[in-house]
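Single-letter residue listing:
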Amino acid sequence: MSVFTVDFGHTLSGGDTGAGGNGLREEKLTREIGNLVVQGLRKEGHTVYPIQLDYANTLVESLNYRVNKIISINPTQSISIHINAATNIEATGVEVWGDNLCKDMCIRISDNISKEFNLANRGFKNGCESLALVGLYGLSNAPALLVECFFISNSNDCSKYNAQKYADCIVSGILNKKINNVVEERKYDMKNLVCYCNAIDKRAAEYLADHLQCPCIDATLPFNYSNVAENIIAVGGDNPRKGENGQVGFTGYTTKYIAGKDRYETAKEVLKFIGKL
Ligand SMILES: [Zn+2]
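Residues numbered from 1 in each chain as written. Predicted model: local features only at pLDDT ≥ 70, side-chain atom pairs only at ≥ 80, totals over all residues. Heavy atoms only, no water.

- Naming follows an unreviewed UniProt entry, where the chain appears as MurNAc-LAA domain-containing protein of bioreactor metagenome.

Comments concerning the sheet that holds strand β1 (residues 3-8)
Item 1. Sheet architecture is open: 6 strands sit in the order β5-β1-β7-β10-β8-β9, paired in mixed fashion. The open sheet has two edge strands, β5 (47-51) and β9 (121-126), and neither has a second partner. Averaged over all neighbouring strand pairs, the angle between strand axes comes to 20°, with direction disregarded.
Item 2. Taken together, the 6 bridges between strand β7 (residues 77-84) and strand β10 (residues 144-151) define a ladder with parallel strand orientation. (Pairing = 2+ DSSP bridges. Helix = DSSP H or I, 4+ residues; strand = E, 2+ residues; numbered from the N terminus. Axes fitted to C-alpha atoms, helices over the stretch in contact; angles between N-to-C directions.)

Digging into the packing of aromatic side chains
Item 1. All told, the structure shown has 6 aromatic pairs when counted by the stated rule.
Item 2. Taken together, a centroid distance of 3.9 Å and an interplanar angle of 20° make the contact between F117 and Y166 stacked. Within this pair, whereas F117 is found in helix α3 (residues 103-117), its partner Y166 is found in helix α5 (residues 163-175), the two being separated by 49 residues in sequence. As far as the burial class goes, F117 and Y166 line up, both buried.
Item 3. A network of ring pairs unites the aromatic residues F117, F150, Y161 and Y166 as a single cluster.
Item 4. Residue placement shows K165 over the ring face of F117; its charged tip is 5.1 Å from the ring centre. (Phe/Tyr/Trp six-rings, centres within 6.5 Å; stacked < 30°, edge-to-face > 60°. Buried < 20%, exposed > 50% of the residue type's maximum accessible area, 1.4 Å probe, protein only. Lys NZ or Arg CZ within 6 Å of the ring centre and 35° of its normal.)

A look at the sheet that holds strand β13 (residues 229-235)
Item 1. What the 4 strands build is an open sheet, ordered β12-β11-β13-β14; its pairing is parallel. Of all strands in the sheet, those bounded by a partner on one side alone are β12 (216-218) and β14 (256-258). Along the sheet, successive strands turn relative to each other by an average axial angle of 30°, direction set aside.
Item 2. The strands touched by helix α7 (residues 263-273) are β13 and β14; relative to β14, the strand with the most contacts, the crossing angle is about 130°. (Contact = heavy atoms within 4.5 Å.)

Considerations on the domain arrangement of the chain
Where interface size is given, it is often the accessible area lost as the parts come together that is meant.
Item 1. Assigned domains of the chain: these are domain 1 (3-175) and domain 2 (190-273).
Item 2. Domain 1 and domain 2 are separated by 31 Å when their C-alpha centres are compared.
Item 3. Counting residues at the interface gives 4 residues for domain 1 and 4 residues for domain 2.
Item 4. Note on domain 1 versus domain 2: buried area summed over both sides is about 370 Å², and carbon and sulfur give 35% of it.
Item 5. It is D104, R108 and N141 in domain 1 that bury the most area against domain 2; as a group they hold 70% of the surface buried on that side.
Item 6. If you look at where domain 1 meets domain 2, you find 0 salt bridges. (Domains from an automatic or database assignment. Buried area = accessible area lost by both parts, 1.4 Å probe. Salt bridge = Lys/Arg side-chain N within 4 Å of Asp/Glu carboxyl O.)

Encoded structure:
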């Protein structure tokens, strides 16, 4: 299972309050949506740390608090929730900022929100919208994204606001699966893919792949798992050096983990999984 940080944008008072418009306040909505995203991810079995700061003297103090939290937790994925604003009240739609490590996730979230709310899809933005995008500032190896859900300055965008639906769109995009009524229909190249990180787990992984008649790959080699397989099954331990100098291992695309406390127990778990034990 993955570890997520969900950063509720802005403070309720002090130096980092959010935007306002059409009777709504950004710092209130980021908490409404953020809390539901936390619940949604936990419901799917993930470990989630909400990052919430209600008061800061300055913007810098607020951002530093968030960034230091994210770095200390070192999540699989960092998520920040914001609502956009512009002086042009015609500006409309959803956009998701992020680094290339989570580009597909950003695109899925933006697509989901655009479809569910019938809002303009401004799509993936690769850039530094906030210090909370730690990866882009070289502060952390954790992939980071920031959702600008809609424009608080646009009355039509605001009239469609629904916190639960926003949370469902975001959780569905993060996990690449159907959440409540948000349909995440993806076309996959294959049904199953098995991966492992350590040579000692390779044999157990290969038994599983043999049974499922699917490929078995070394997850320590960089690979784009997006839309590759409906089930991505990780066998054995993760890469112990994941995160060091660009080392990779199991990813957020993993749908099932099979592991025991050593290679023999892992092999047993594989046999149990395929119903041979
Ligand atoms: Zn904001």
